[in-house]
There are 4 protein chains.
Amino acid sequence: MRVGPVEIGGPAFVVAAGPCAVESAAQTESVAESVAAAGAHLLRGGAFKPRTSPYAFQGLGEAGLSILGRSGRRHGVPVVAEILEVSQLPSMLDQVDVLQVGARNMQNFALLRALGKVRHPVLLKRGFAATVEEWLLAAEYLLDGGNTEVVLCERGIRTFETATRNTLDLASVALVKQRSHLPVLVDPSHATGLSELVIPMSLAAAAAGADGLLVEVHGHPEEALCDGRQALTPRLFAELMQRLPAVLQSVGRTLHPGVASARSVRAVSP
Amino acid sequence: MRVGPVEIGGPAFVVAAGPCAVESAAQTESVAESVAAAGAHLLRGGAFKPRTSPYAFQGLGEAGLSILGRSGRRHGVPVVAEILEVSQLPSMLDQVDVLQVGARNMQNFALLRALGKVRHPVLLKRGFAATVEEWLLAAEYLLDGGNTEVVLCERGIRTFETATRNTLDLASVALVKQRSHLPVLVDPSHATGLSELVIPMSLAAAAAGADGLLVEVHGHPEEALCDGRQALTPRLFAELMQRLPAVLQSVGRTLHPGVASARSVRAVSP
Amino acid sequence: MRVGPVEIGGPAFVVAAGPCAVESAAQTESVAESVAAAGAHLLRGGAFKPRTSPYAFQGLGEAGLSILGRSGRRHGVPVVAEILEVSQLPSMLDQVDVLQVGARNMQNFALLRALGKVRHPVLLKRGFAATVEEWLLAAEYLLDGGNTEVVLCERGIRTFETATRNTLDLASVALVKQRSHLPVLVDPSHATGLSELVIPMSLAAAAAGADGLLVEVHGHPEEALCDGRQALTPRLFAELMQRLPAVLQSVGRTLHPGVASARSVRAVSP
Amino acid sequence: MRVGPVEIGGPAFVVAAGPCAVESAAQTESVAESVAAAGAHLLRGGAFKPRTSPYAFQGLGEAGLSILGRSGRRHGVPVVAEILEVSQLPSMLDQVDVLQVGARNMQNFALLRALGKVRHPVLLKRGFAATVEEWLLAAEYLLDGGNTEVVLCERGIRTFETATRNTLDLASVALVKQRSHLPVLVDPSHATGLSELVIPMSLAAAAAGADGLLVEVHGHPEEALCDGRQALTPRLFAELMQRLPAVLQSVGRTLHPGVASARSVRAVSP
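This write-up is about the structure you can find in this document. Since the structure is predicted, the reported quantities are computational estimates derived from the model, not experimental observations.

Okay, the overall build of chain A next. When you go through chain A residue by residue, the secondary structure sums to ten helices and eleven strands. The C-alpha radius of gyration of chain A comes to 17 Å, within 12% of the 18 Å expected for a compact globule of 270 residues. Taking the principal axes of the C-alpha coordinates as reference, chain A spans close to 50 × 40 × 40 Å. Relative to its 270 residues, chain A shows a buried fraction of 67%. Taking the contacts inside chain A whose residues are at least 6 apart along the sequence as the reference set, 70% of them involve residues at least 24 apart. In chain A, which carries 24 positive and 25 negative side-chain charges, the distance between the mean positions of the two groups comes to 2 Å.

Written as C-alpha cells, this is what we have:
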C-alpha cells in the first residue's frame, strides 16, 4: 500500500509522528519540522478530538485540518488525522492522506461503511476493549465495502493495571501478522501513557514484527492541551529514530527511507 | 420523565421488553402482544442492528422500524429502538418514542451531540469497557446539548470471566443513583447472555435500586436471528413480571401501573 | 451444613459480621456485642492479615484469635477467621468455627489439601481474577480431600473499573447456585470498598439467591487499621439487618433466627 | 546475582528453558540435552505442578526433582523449579538452584516469608491479576526477610482477550526496570499460550529491556502432559537462540556466554 512516497506494509518500517492535537499553526509547524527532519514518514495530528468530557478541549476542527495539511505539504510528508463522523469526510479527503478511525469508533459501523467507499487509506485503531477477532471483523467492514487500503493499529487495551494508561498487547500484533495480510502499526504513546516507556515499547514493537509506529511528539509536553504526559520531545523522538534501524536490521527489516523534502532536512543542519 | 403514559425515574419501576431484533411483523406482533399482556411498559426491538461481522444479519432497517412502531401503537406501549447514526434520526423520530444509544456508541460523540438537540428521551447504554465516570460524562454530552431526558442503562462490562457474556455491575447502578439524578435501567439479557440468569439478576437489580429493566423476549429463542441464548420466552417473562412487585415492595417501591390497551390485555384472557 | 446453632445453605439466610481486623479486645468485644445484638449469626474477624505490603499492619496473630474466640463465645455466635498457612491450623481449630480461605489463597493448593482433611467448615472466597470454573475446581480440592462442609463466597473480581474496589459479580452467585449444591455467601464490603454501597448490594445479593453475607463492621471506621472505607458502623449494620427480612421474604426465603445469647441481646436494651 | 556459572541481571541476557512438567527421566534428559546444546543457561522444569483441577496430573513430586537435578548437573546448567509450599523446601534446596514462586502464589505471604530466610535465589512470577505495585511489594516480602537474590518474571496478565492465554505486559517490564533494581525475565510461553508467538514475543522482550527468558520446550508438544500448545520444539528453541544475539546487540546487550559442559555441547555435533 502506498501513501504518496511512503509504502506501508512492505519490508520497510514506517513512523508516523506528530502532536496529539493541532493547537496552533506555530506549534504544529515546529513539531512537523522536527519530526520530518528526524526522518518521520507521516505527520499525525488531531483536528477533531474525541474527548471523554464535553467540557474538554475539542480540537481546532477544520482550521486544524488546514494547519496540519499545510505543514505536511511544506515538509513533503503525508498526513494522518482522525475522522469522527461521516460529515467530516469532504474536508478530510481534501487535507488528509490517511484517515484514522479511533479506538472509540472501531465499531462505529456507519463510519466504517462510509470509509469502505472512499479510496483513501484507513488506519483502524483497535478498540480498547476489542478482541483481536472483533478488530479483524471491523476491518472487514472496510474491505467488504471495497476499500482494501486498511492499516491496523494496536494502541493498548483496558485492563486492571493502573500503572500504565492501557496495556500494550504486542502478542496481538504478532498474531494478526500471522492470521491476516494487513499491515499493523503500534501506538506506544496511548498504550502506555508514559513518555519514558515509548522508546522501549517502540523497539519491542519493531522486534515483534510490527510494520510501523504512531508516536506523539510535542515541543513542550508539559504545556500540551492533551496527553502531554505521553508525548516525546523532539529530542527524544530523534533518539528513537536513531535507535530503530539496528533493531529492525536484527529482525531482517529496515527503516523506510526518508521522504521529507530538502527544506525540512535543512532545518536541522547547523 | 414521561414517555407517553410511562414515567421513568419516579417511584415506580418500569420494564421495557421485546425481541433483540425485529425479524418479521408476525414475530414482533406476537412478542409485543405477550409482553404487553404481561405488563411491560415499553416495547423494545432492534431495526438497525450493530453486528460485529458485516456478514451477520443487520436488521430490517426502516421496514423494521415501521413494524415495531405499529406493534407499539396497537398495544398502547411506547417503543424503544437503537439509533446507529445521525442519518437515521428522521425515521426514528417518526416511529420511536425512546432513542437508544448502544454500548458500542457510548462515546460516539457526533451521535450524542445530535441527540442532545432532539426532544425525545435517550436511553444511554454503558459501554462495555466504560468506567462509571466516562458513562456519566457521555451523558453530559446529551445534557449539555439541551436534552435533559436521559436514561442510563447498565448492560454488563467486559472482564476475564467467560461463563457469562459480560459481568453485570450492579454496584455501578447503586453508585450512579447516589451520585447523579438520572434514572438507571438494567439489561440483564446482554449482561449475562444466559436466559436462566435473567430472572435472578432482574430481581437483584430491583433490590439494588434500579429504576427499571430492559429485557429480551422471543417466542422461540432457539430460532432467533440474534442472541437467542439470552432471550426469555413469553412464559418466563410473565413469571418475571409476577415476581417483581414483591421485591420492589420490599425496598419501598412499586411496579409501574400497566399501560397496555384493553386489546392487548384481552389477548391473554381465555 | 451446621455450625453450632447456625445452618448454612438451608432456606434461611445467614449473616457473618465483624471487624476487618481484630485490633484489640475492647474494639472486638464492642463490635461483637453490637452485631450479635443486631442479629448477626456469625462473628467474623481477621487475626492473621494478608497484606500487600510487608510493612502494613499484619494482624495480632494468635492473640487476635483468642480475642475473637472469646468474644464469639461470650455472645453465643460461632466465629469465622482467615487461615493463611497450614502451620496456623492447630490454633485455628482451637478458637475458630469456620476457616476462611481468602481470595489470594484460592489456588493455594497445599492449604486446600490440608483443609480437605479437617472436619471444620471452610469458607472459600473466590480469587479476584478467578473464573467461576476455577472457583468450583478449587472447592473440589476440599471436597476431594473429604471435607464436604464447603461454603463459597463471592467478593468481587478485578476489572478496569476504579470507582469501586472490585466489581461484585452477582451473576456468578446465581450461576453457582444453579450448577452446584454448595452454599454461596456474598461479601459486599470487599466487593465494593465503599460503605455506602454495602446495603444496596446486600439486598441485591439476597434477591439474587445468595445464602448469606459476610460484612465488615467497625465502631469507628475512620480509625480502623485496615479497610475502614468499606466498614459499616453498628448503626448501619442494624439498619441492614432490619431491611433484609422483607427482601428475603419477597424471594421466598427468611432471615435465619437469632443465635446470640441473652447477654448479648440485653446489651442493646434500654 | 550469580547462580553457579550464570549471572542474572548483568549486561548479558539469560535463557531458562525446559519442559512444563518433568514427565520422565528420558523426556527430561532429552529436552535438557537439546536446550543445553542450543545454549540455554538454566534448565527449568516442574516437579510439583499447581493444577486448577485436583484430578489433573500433579507432577512427579520428589522423584521429578531428582530427575531434573540430575539432568541439570549432567549438562552443567543450574536448575529452576517451582516451590508450592514450605514443606517442600528441604528437597528443593537439595536439588534446585533457583526457587520459583508461581503466579498463583505471588501473594502467598507465608511462602514468601519462608523464602526470605533462605540463601537461594528466588524467581517471583507476577500474579495474573497483580498490579506492578503489588508485584514489587511481594518482592519486598523476600527482600525484607533478608534474601536479596530476587528475580522477577512477567508471564502475562488476565484480560478479556481470549485469542491468547494471557496478555503479555511488556510495558510492565520496562517500567519495573526503571523503578527497581531487580532483574526481570519474561515467560512468553505462559503469556501467550501459543508456540507460534513465543519467538516474536521473546525478541520483543529482549528489545524491551528484559534480562532474560523462561521458555517451555518439549520434544513432542502434542504428547505433553501439560501445556503442550505453548511449548517450542527443540528445533524452534535452537532457532530462537540463534536469533536472540542480533536483537540483543541492537539494544546494546549480549547473550550470556554458554555454560553447558562439553558433554552436552558434543551431543549436537555430527
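What follows picks up the thread again.
On to the relation of the copies chain A and chain D. In screw terms, the move from chain A to chain D is a rotation of 180 degrees and a rise of 0.0 Å along the axis, fitting with an RMSD of 0.0 Å. Taken together, these values place the two copies in the relation of a two-fold axis. The C-alpha atom lying nearest the rotation axis in chain A is that of A:A204; the distance is 2.1 Å. A shared interface surface links the copies, since 100% of the contact residues of chain A are contact residues in chain D too.

Turning our eyes to something else, we now look at the relation of the copies chain A and chain C. Least-squares fitting of chain A to chain C yields an RMSD of 0.0 Å, with the transformation described by 0.0 Å of translation along the axis and a rotation of 180 degrees. Here 100% of the contact residues of chain A are again contact residues in chain C; the copies associate through an equivalent surface.

Let's shift gears to helix α8 (residues 198-208) of chain D. Along α8(D), eleven of the eleven residues are buried, which leaves the element largely enclosed by surrounding structure. In the stretch just after α8(D), D:G209 is the one whose phi turns positive, near 105 degrees.

For the coordinates displayed, the defined rule picks out four aromatic pairs over all chains. Look at B:F109 and B:Y141: their rings are 4.4 Å apart centre to centre, the planes differ by 20 degrees, and that puts the pair in the stacked class. Here B:F109, found in helix α4 (residues 109-115), pairs with B:Y141, found in helix α5 (residues 132-144); they are 32 residues apart in sequence, far enough to count as distant. Residue B:Y141 is classed as buried on the basis of its relative accessible area, which comes to 1%. The aromatic ring of A:F128 is capped on one face by A:R158, whose charged end is 4.2 Å from the ring centroid.

Per the counting criterion, the structure on display carries 48 salt bridges over all chains. For A:R126, the salt bridge goes to D:E161, with nearest N and O atoms at 2.7 Å. Here the residue A:R126 occupies a position in the loop between β7 (122-125) and α5 (132-145), and D:E161 occupies one in the loop between β8 (150-154) and α6 (170-179), the pair thus bridging two chains. Classification of A:R126 by relative accessible area gives buried; the value is 0%. Overlapping salt bridges, with partners in common, bring together A:R126, A:E154, A:D169 and D:E161 in one network.

This part covers the interface of chain A and chain D. It is common to give the size of an interface as the accessible area that goes away when the parts come together. Taken together, the contacts link 37 residues of chain A with 37 residues of chain D. On the chain A side of the interface with chain D, the three residues burying the most area are A:F160, A:E161 and A:A171, jointly 19% of the side's total. Joining chain A to chain D, the criterion identifies two salt bridges. Every element with two or more residues in the side of chain A that touches chain D is listed here: α6 (170-179), α8 (198-208) and α9 (234-250) of chain A. Looking at the side of chain A that touches chain D residue by residue, the class counts come to 23 nonpolar, seven polar and seven charged.

Moving on: the interface of chain A and chain C. The interface of chain A with chain C comprises four residues on the first partner and four residues on the second. When chain A packs against chain C, the two sides together hide about 290 Å² of surface, and 81% of this comes from carbon and sulfur. When the buried surface of chain A facing chain C is broken down by residue, A:R158, A:F160 and A:T162 rank first, second and third, together holding 89% of it. Scanning the region where chain A abuts chain C turns up zero salt bridges. Joining chain A to chain C, the criterion identifies zero residue pairs in polar contact (both at pLDDT 80 or more).

This part is about helix α4 (residues 109-116) of chain C. Residue and element names in this part refer to chain C. Of all the eight residues making up α4, seven are buried; the element is thus mostly covered by neighbouring parts of the structure. All of the buried residues in α4 are F109, A110, L111, L112, A114, L115 and G116. Against α3 (89-95), β6 (98-101), β7 (122-125) and α5 (132-144) lie the buried residues of α4.

Let us now look at the nonpolar core. Grouped together as the largest cluster of nonpolar side chains are 180 residues, with contacts concentrated most on B:F237 and C:F237. D:A32, D:V98, D:L115 and D:W135 belong to the second-largest nonpolar core, a separate cluster that totals 178 residues.

Locating D:T164 in the fold gives a position in the loop between β8 and α6. A polar contact of 2.9 Å, which involves the side chain of D:T164, links it to the backbone oxygen of D:N166. Non-local contacts of D:T164, meaning those with residues more than four positions away in its chain, are made with A:A171, D:T192, D:L194 and D:L197.

Here the focus is the environment of A:V173. In this fold, A:V173 is placed in helix α6. For A:V173 and A:V96, which are 77 residues apart along the polypeptide, the C-alpha to C-alpha distance reads 26 Å.

Right, let's talk about the pairing of strand β7 (residues 122-125) of chain B for a bit. Side chains on a regular strand alternate between the two faces of the sheet. Residues and elements named next belong to chain B. Of the two faces of β7, the one holding V122 and L124 and the one holding L123 and K125 are both buried throughout. Note: strand β6 (residues 98-101) against β7, three bridges, orientation parallel. Paired with V101 across the bridge in β7 is L124. Taking the sense of rotation as the criterion, the β-α-β connection linking β6, α4 and β7 turns out right-handed. Where β7 lies against strand β8 (residues 150-154), four bridges are found, and the strand directions are parallel. From the neighbouring strand, K125 faces β8, where its bridge partner is C153. With α5 bridging β7 and the parallel β8, this β-α-β connection has right-handed handedness.

Turning our eyes to something else, we now look at the packing of α5(A) against α6(A). Residues and elements named next belong to chain A. α6 packs onto α5 with a crossing angle of 50 degrees between their chain directions and a minimal axis gap of 11 Å. In terms of their interaxial angle, α5 and α6 are classed as oblique. Crossing handedness for the pair α5 and α6: right-handed. Two secondary-structure elements touch here, α5 through V132, W135 and L136 and α6 through S172, L175 and V176. Class assignment of the residues belonging to the contact of α5 with α6 gives a composition of five nonpolar, one polar and no charged.

Attention shifts here to the pairing of strand β8 (residues 150-154) of chain C. Residue and element names in this part refer to chain C. With respect to burial, β8 is a largely interior element, five of its five residues being buried. Both faces of β8 are covered, namely the face carrying V150, L152 and E154 and the face carrying V151 and C153. Two strands pair when backbone bridges link them, and β8 and strand β9 (residues 184-186) are joined in this way by three bridges, in the parallel orientation. The partner of C153 across the bridge, within β9, is L185.

All names here are of chain C. Among the secondary structure elements, L115 is positioned in helix α4. Residue class for L115 comes out buried when judged on its relative accessible area of 0%. Spatially, the C-alpha atom of L115 lies 34 Å from that of T162, the residues being 47 residues apart in sequence. The residues contacting L115, other than those within four sequence positions of it, are I83, L89, L99, V101, V122, L142 and N147.

Relative placement of two packed helices is described by the angle separating their axes and the distance separating the axes. Residues and elements named next belong to chain C. In contact at an axis separation of 10 Å, helix α8 (residues 198-208) and helix α9 (residues 234-250) are set at 25 degrees when each is read in the N-to-C sense. The angle between α8 and α9 falls in the class roughly parallel. At the point where α8 passes α9, the crossing takes the right-handed sense. Of α9, the residues touching α8 (which contributes I199, S202, L203, A206 and A207) are L236, E239, L240, R243, L244, V247 and L248. Residue composition of the contact of α8 with α9, grouped by class: nine nonpolar, one polar and two charged.

Our focus in this paragraph is unusual backbone geometry. When glycine is set aside, most residues are seen to have a negative phi, and most peptide bonds are trans. With a phi close to 55 degrees, A:D227 is a non-glycine residue in the positive phi region. With respect to the helices and strands, A:D227 occurs in the loop between β10 (212-216) and α9.

The rules behind each value
- Throughout this description, residue numbers start from 1 for each chain and increase along the sequence as written.
- Written order determines the labels here, with chains lettered from A and ligands numbered from 1.
- With the structure being a predicted model, the display of local features is reserved for residues of pLDDT at least 70 and the display and counting of side-chain atom pairs for 80 or more, all residues being used for whole-chain, interface and lining totals.
- Only hydrogens and water are set aside; all other atoms, that is, all heavy atoms of the structure, feed into the side-chain values.
- Counting from the N terminus, the helices are DSSP H or I runs at least four residues long and the strands are E runs at least two residues long.
- Here the globule rule is a power law, 2.2 Å times the number of residues to the power 0.38, and the radius of gyration is based on C-alpha atoms.
- Partly exposed describes any residue whose relative accessible area lies between the buried limit of under 20% and the exposed limit of over 50%, with all areas from a 1.4 Å probe on protein chains only and scaled to the type maximum.
- Should any heavy atoms of two residues lie within 4.5 Å, those residues are considered in contact.
- Positive charges come from Lys and Arg alone, negative charges from Asp and Glu alone, with His and the N- and C-terminal ends not counted.
- Taken as the charge location is NZ of Lys, CZ of Arg, CG of Asp or CD of Glu.
- Least-squares fitting of one copy onto the other uses the C-alpha atoms of those residues that reach a pLDDT of at least 70 in both copies.
- Pairing of aromatic side chains requires ring centres within 6.5 Å, counting the rings of Phe and Tyr and the six-membered ring of Trp. Pairs whose planes differ by under 30 degrees are stacked, by over 60 edge-to-face, and all others tilted.
- Here, a charge over a ring is recorded when the distance from Lys NZ or Arg CZ to the ring centre is within 6 Å and its angle to the ring normal is within 35 degrees.
- Think of a salt bridge as a Lys or Arg side-chain nitrogen and an Asp or Glu carboxyl oxygen that are within 4 Å of each other.
- What counts as buried area is the accessible surface, traced by a 1.4 Å probe, that two parts surrender upon association, with contributions from both included.
- Under the scheme applied here, ten amino acids are nonpolar (Ala, Val, Leu, Ile, Met, Phe, Trp, Tyr, Cys and Pro), four are charged (Asp, Glu, Lys and Arg), and all others, including Gly, are polar.
- What qualifies as a polar contact is a pair of N or O atoms within 3.5 Å, subject to a donor-acceptor requirement within protein and to the restriction that residues adjacent in sequence count only when both atoms come from side chains.
- Only buried residues count toward a nonpolar core, which is a set of Ala, Val, Leu, Ile, Met, Phe, Trp, Tyr and Cys residues joined through side-chain atoms within 4.5 Å.
- Strands qualify as paired when DSSP identifies two bridges or more between them.
- Seen with its strands pointing away from the viewer, a crossover is right-handed when the path leading from the first strand over the helix to the second is clockwise.
- Orientation is described by axes fitted as lines to C-alpha atoms, over the contacting stretch for helices, and by angles from 0 to 180 degrees between their N-to-C directions.
- To sort the angles, those under 35 degrees are grouped as roughly parallel, those over 145 as roughly antiparallel, those from 65 to 115 as roughly perpendicular, and the leftovers as oblique.
- Here a crossing is taken to be left-handed if its near helix is turned anticlockwise relative to the far helix by less than a right angle, and right-handed if that turn runs clockwise.

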